[in-house]
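So the chains spell out like this:
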Amino acid sequence: MTTVNAYAAQNATTPLAPFNFERRDVGNNDIQIEILYCGVCHSDIHQVRNEWGGSIYPMVPGHEIVGRITKIGDEVKNFTVGQLAGVGCFIDSCRVCPSCLANEEQYCDVAMVGTYNSRDKAGNPTYGGYATQIVVDEKYTLHVSEKLPIEGVAPLLCAGITTYSPLRHWNIGKGHKVAVVGLGGLGHMAVKFAASFGADVTVLSTSKSKEQDALNLGAHHFAVTKDPETMKSLQGKFDFILSTISAQHEYNDYLNLLTLNGTMVVVGAPPHPSLVGAFNLIGKRRSLAGSLIGGIKETQEMLDYCAEHNIVSDVEVINASEVNEAYERMLKGDVRYRFVIDIASIK
Ligand code: NAP
Ligand code: ZN
Ligand code: ZN
């Protein structure tokens, strides 16, 4: 066992603070990674504050992990010491159900083991990336290119794959009119990918101040959702809407913006449900769907795509001691566009 320094939440209401815990030794198929950067996802806030229920404390959040391999197990085949590696939202799954066999471990029929706030197969709590080191089975570890700035790569492990996967699943590309709702961590990656795939991209945001950024990120249009006239003028305009909103809102406001046969995919995970009007779907044969992160194979494909096309997250690097303040800023929509913790600040 190795003692690891970290930042943890002890309960749902007090700020995150320094914390030590023991990581397991490297097993035959394991990789030990010295964590260099870890992104701050809005899911960290939902879970730290127990907004989804069932939170396990103490909790070391963090599932956008990039670091360097310091040790490998005897049977590790695809990684070597000294390489960069990434870890995303899960570190294990049943490995034998139809979803796992189809490389969609995130939909494991038994249970995907979350990188944190979860229990491994032995029943021990899992601890995430706001920590100096992690040990993960190579099957759930990603290769990270040396080409890109790694602080900008870290958010790809969740914000990147969560937006890449539905855009690929629904074959979004040239000729599609796409709206990205909410310009935060997920939203800004959705804009980059949708534009890169050739779609005509509109950002729908509550923050007028993000307009120029949206265009710089690759969006072609921008609209403020608080303006009823603007929303009216956008009715029936989009083939595909990707909603990344983290707080309670009306799905109906956005469903109406879909064209005939249009699809809205929800990736944002507000804790409270939203009503859906049947006529908003029936009237134009619209679909409402959801999507959860992505499997290991697709996450690797996404990382390779980013390395090839020079795509990284726009980040604000912070020290671990600033994470509570970062949460408050994210809750105000004040993130441009992902906070990433410099893990060296924990040591
Ligand atoms: P974030 O960086 O905080 O961005 C969320 C954005 O939503 C804000 O910047 C804001 O954008 C918009 N927003 C916030 N409150 C709103 C409201 N009341 N009405 C309308 N828009 C609002 O969060 P994130 O890390 O991108 O995560 C977004 C959500 O996705 C979270 O709920 C998270 O848990 C979830 N998530 C899901 C998955 C998955 O697999 N499905 C994976 C990761 C995260 P504007 O300023 O532009 O309005
Ligand atoms: Zn996340
Ligand atoms: Zn499974």
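The model shown is predicted, which means the values in this text are computed figures rather than measured ones. (Residues numbered from 1 in each chain as written. Chains lettered and ligands numbered in written order. Predicted model: local features only at pLDDT ≥ 70, side-chain atom pairs only at ≥ 80, totals over all residues. Heavy atoms only, no water.)

## Some words on the sheet that holds strand 13 (residues 238-243)
On the basis of which strands lie adjacent, the open sheet formed by six strands has the order 12-11-10-13-14-15 and parallel pairing. The open sheet has two edge strands with one neighbour each: strand 12 (221-224) and strand 15 (287-290). With direction set aside, neighbouring strand axes in the sheet form an average angle of 20°. Relative to strand 12, strand 11 (residues 200-205) runs parallel, the two being bridged by four bridges. The residue bridging L204 from the neighbouring strand is A223, located in strand 12. (Pairing = 2+ DSSP bridges. Helix = DSSP H or I, 4+ residues; strand = E, 2+ residues; numbered from the N terminus. Axes fitted to C-alpha atoms, helices over the stretch in contact; angles between N-to-C directions.)

## Regarding the coordination of the zinc ion (ligand 3)
The protein atoms that coordinate the zinc ion (ligand 3) are C94 (SG), C97 (SG), C100 (SG) and C108 (SG), at distances of 2.3 to 2.4 Å. The coordination sphere of the zinc ion (ligand 3) comprises four donor atoms, whose angles at the metal cover 104 to 119°; the geometry is tetrahedral. For the zinc ion (ligand 3), the single-chain donor residues occur in sequence as C-x2-C-x2-C-x7-C. With a gap of 11 residues between them, C97 in the loop between strand 6 (90-92) and helix 2 (98-101) and C108 in the loop between helix 2 and strand 7 (113-114) connect regions that are remote in the sequence. With a relative accessible area of 6%, C97 lands in the buried category. (Donors = N, O, S within 2.8 Å, 3.2 Å for Na, K, Ca; no water. Tetrahedral: all angles 85-135°; square planar, octahedral: opposite > 155°, others 65-115°. Buried < 20%, exposed > 50% of the residue type's maximum accessible area, 1.4 Å probe, protein only.)

## Comments concerning the coordination of the zinc ion (ligand 2)
On the protein side, the zinc ion (ligand 2) has C41 (SG), H63 (NE2) and C158 (SG) as donor atoms, found 2.0 to 2.2 Å from it. Each donor residue of the zinc ion (ligand 2) belongs to the same chain, with the gaps between them written as C-x21-H-x94-C. With C41 in the loop between strand 3 (30-39) and helix 1 (42-48) and C158 in the loop between helix 3 (150-153) and helix 4 (159-169), this pair connects stretches of sequence that are 117 residues apart. Considered together, C41 and C158 belong to a single accessibility category, that of buried residues.

## What to know about the domain arrangement of the protein
By the assigned domains, the protein splits into domain 1 (2-157 + 313-346) and domain 2 (160-290). Between domain 1 and domain 2, the C-alpha centre-to-centre distance is 27 Å. Here domain 1 and domain 2 share an interface that buries about 1300 Å² over both sides, 52% of which is from carbon and sulfur atoms. Broken down residue by residue, the surface that domain 1 buries against domain 2 is led by L156, R336 and Y337, which jointly contribute 41%. (Domains from an automatic or database assignment. Buried area = accessible area lost by both parts, 1.4 Å probe.)

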